[in-house]
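Descriptive analysis of the structure
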Amino acid sequence: MTYHDIVIIGGGPAGLSAAAAARKAGAQDILILERDNVLGGILNQCIHNGFGLHTFKEELTGPEYASRYIAMVEEEKIPYKLNTIVADISADRKVTYINREEGLVTIQAGAVILAMGCRERPRGALNIPGYRPAGIYSAGTAQRLMNIEGYRVGNEVVILGSGDIGLIMARRMTLEGAKVKVVAELMPYSGGLKRNIVQCLDDYGIPLKLSHTVVQIHGKERLTGVTIAEVDANRTPIPGTEEYYSCDTLLLSVGLIPENELSRGAGISMNRVTSGPNVDDRLETDAEGIYACGNVLHVHDLVDFVSQEAALAGENAAAYVLRAKEPAAAAQGRKVPLSAENGVRYTVPQILNLDTMQDAVTVRFRVADVYKDRYISVYYDDKRVSKKKKKVLAPGEMEQVVLKKSSFAEYPDLGKITICTEVE
């Protein structure tokens, strides 16, 4: 069986950043496995700008951002396999993949980095009444058809969901000459970045209807229209609020799901909120030597944060294989759980090892609702050790706090770290 120090599943922004960081940290034998026919992942179809402001201090398009990391991988001569689908990962880091040239192959990895990204939530999960006519697409599928395949998707468009992809596609469709009639959002707040609401909807006069959803699809062979209704606090359509919109295209931007079938197959414990693995401050899962980063861990809003997170996973995976860590070492140190409470939906990581952590650890999280004039507070057991006031907190914007190793010196018996929102 062929052996590789580090095997990275996914050649998108997370996988590429992890590979570059692992090489920089001293790992030599790295292999990237990518199911698409090119490296770069979803960035290849994101031709809009706005990428790279944190990482490269300049504004890039998605393909430009990806090309920077592809160049790093090429320069370091890190090998990769394209058109290669990973079928299985075992808890002891055996990776089984299949491609046309080699057939079915199993390799042994010293460490595995999960960087599979996420997929869009399908219409079937929404239970919208009506037939299944032509003209209904996920927003990401429409984006690929337009930006990579070169097809014009539709002329009269309704978008369900105000996630970032849906907002960006509202602008993209408009620029291609289509008429975007409305963006409907089930929740009372948008799931996208504020800048995308302004630049993609407000600048083009596209209405955003919060607390609205599609209740009926019209047309049998081809979509002819949709009916939208307002919903109450329980997200139930309110009778008498129905509005009909004629359209030939419905785009669904209704959420992203981390691609974790392989993770579950390896017996890795999953977080019910993020739908990604539970990890410690090194981004290591509870399967020793298996790390996770990027959108397979939790859905990000900025690719720059994906790259930062993936670099950390790459560094730690390299350290793991280079020191040939003994199994007993994994249990050493004071491990303290992080708890998300009072408006904070989750934290990544979920566990901190106070003895082996870096000097500072960035904890990322999202809030559950739109809050104004609230504090983000950090508690060590029952003592509030920090607070930061925010004018607005929204689910579409990822937040973070930095925990410093030196701050734990006074808490030798610390049992829990809590991150929450508070009004004062």
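The structure under discussion appears in the preceding block.
Here's a quick rundown of the structure. (Residues numbered from 1 in each chain as written. Predicted model: local features only at pLDDT ≥ 70, side-chain atom pairs only at ≥ 80, totals over all residues. Heavy atoms only, no water.)

Observations concerning the sheet that holds strand S24 (residues 383–393)
One key point about sheets: their strands pair by backbone hydrogen bonds, in either a parallel or an antiparallel sense. Strand order in this open sheet of five strands is S21-S20-S26-S23-S24, and the pairing throughout is mixed. Of all the strands in the sheet, just strand S21 (351–353) and S24 have a single pairing partner and so form its edges. Direction aside, neighbouring strands of the sheet carry axes that sit 20° apart on average. Strand direction decides the pairing type here: strand S23 (residues 371–380) and S24, joined by nine bridges, are antiparallel. By the bridge assignment for S24, Tyr-380 is matched with Lys-383. (Pairing = 2+ DSSP bridges. Helix = DSSP H or I, 4+ residues; strand = E, 2+ residues; numbered from the N terminus. Axes fitted to C-alpha atoms, helices over the stretch in contact; angles between N-to-C directions.)

A word on the pattern of salt bridges
Applying the stated criterion across every chain yields a total of 17 salt bridges. Its salt-bridge partner being Arg-35, residue Glu-259 comes within 3.3 Å of it at the nearest N-O pair. Taken together, the residues Glu-259 in the loop between strand S18 (256–258) and helix H6 (261–265) and Arg-35 in the loop between strand S2 (30–33) and strand S3 (49–51) connect sequence positions 224 residues apart. Classification of Arg-35 by relative accessible area gives exposed; the value is 54%. Taking the shortest distance from any N to any O, the salt bridge between Arg-119 and Glu-259 comes out at 3.1 Å. You can see Arg-119 sitting in strand S9 (residues 118–120) and its partner Glu-259 sitting in the loop between S18 and H6, a full 140 residues away along the chain. One salt-bridge network, held together by shared partners, links Arg-35, Arg-119, Glu-259 and Glu-261. (Salt bridge = Lys/Arg side-chain N within 4 Å of Asp/Glu carboxyl O. Buried < 20%, exposed > 50% of the residue type's maximum accessible area, 1.4 Å probe, protein only.)

Here we look at helix H1 (residues 13–24)
Its 12 residues give H1 an end-to-end C-alpha distance of 17 Å, which sits within 8% of 16 Å, the value for a rise of 1.5 Å per residue. A large share of H1 lies buried, amounting to 11 of its 12 residues. Considered for burial, the residues of H1 that qualify are Pro-13, Ala-14, Gly-15, Leu-16, Ser-17, Ala-18, Ala-19, Ala-20, Ala-21, Ala-22 and Arg-23. Looking at the packing, one finds that the buried side of H1 touches strand S1 (3–9), S2, helix H2 (62–75), strand S8 (103–114) and helix H7 (303–322). In the stretch just after H1, Gly-26 is the one whose phi turns positive, near 115°. (Expected span 1.5 Å × (residues − 1). Contact = heavy atoms within 4.5 Å.)

Focus on the pairing of S2
A two-sided burial pattern is seen for S2, the buried positions comprising Ile-30 and Ile-32 on one face and Leu-31 and Leu-33 on the other. Pairing of S1 with S2, which is carried by four bridges, proceeds in the parallel orientation. Within S2, the residue paired with Ile-6 across the bridge is Ile-30. Where the polypeptide runs from S1 across H1 and back to S2, its parallel neighbour, the crossover connection is right-handed. Note: S2 against strand S5 (residues 80–81), two bridges, orientation parallel. In the sheet register, Leu-33 faces S5, and the bridge partner there is Lys-81. (Right-handed = clockwise from strand over helix to strand, strands pointing away.)

Spatial relationships are all this shows, so hold off on functional conclusions.
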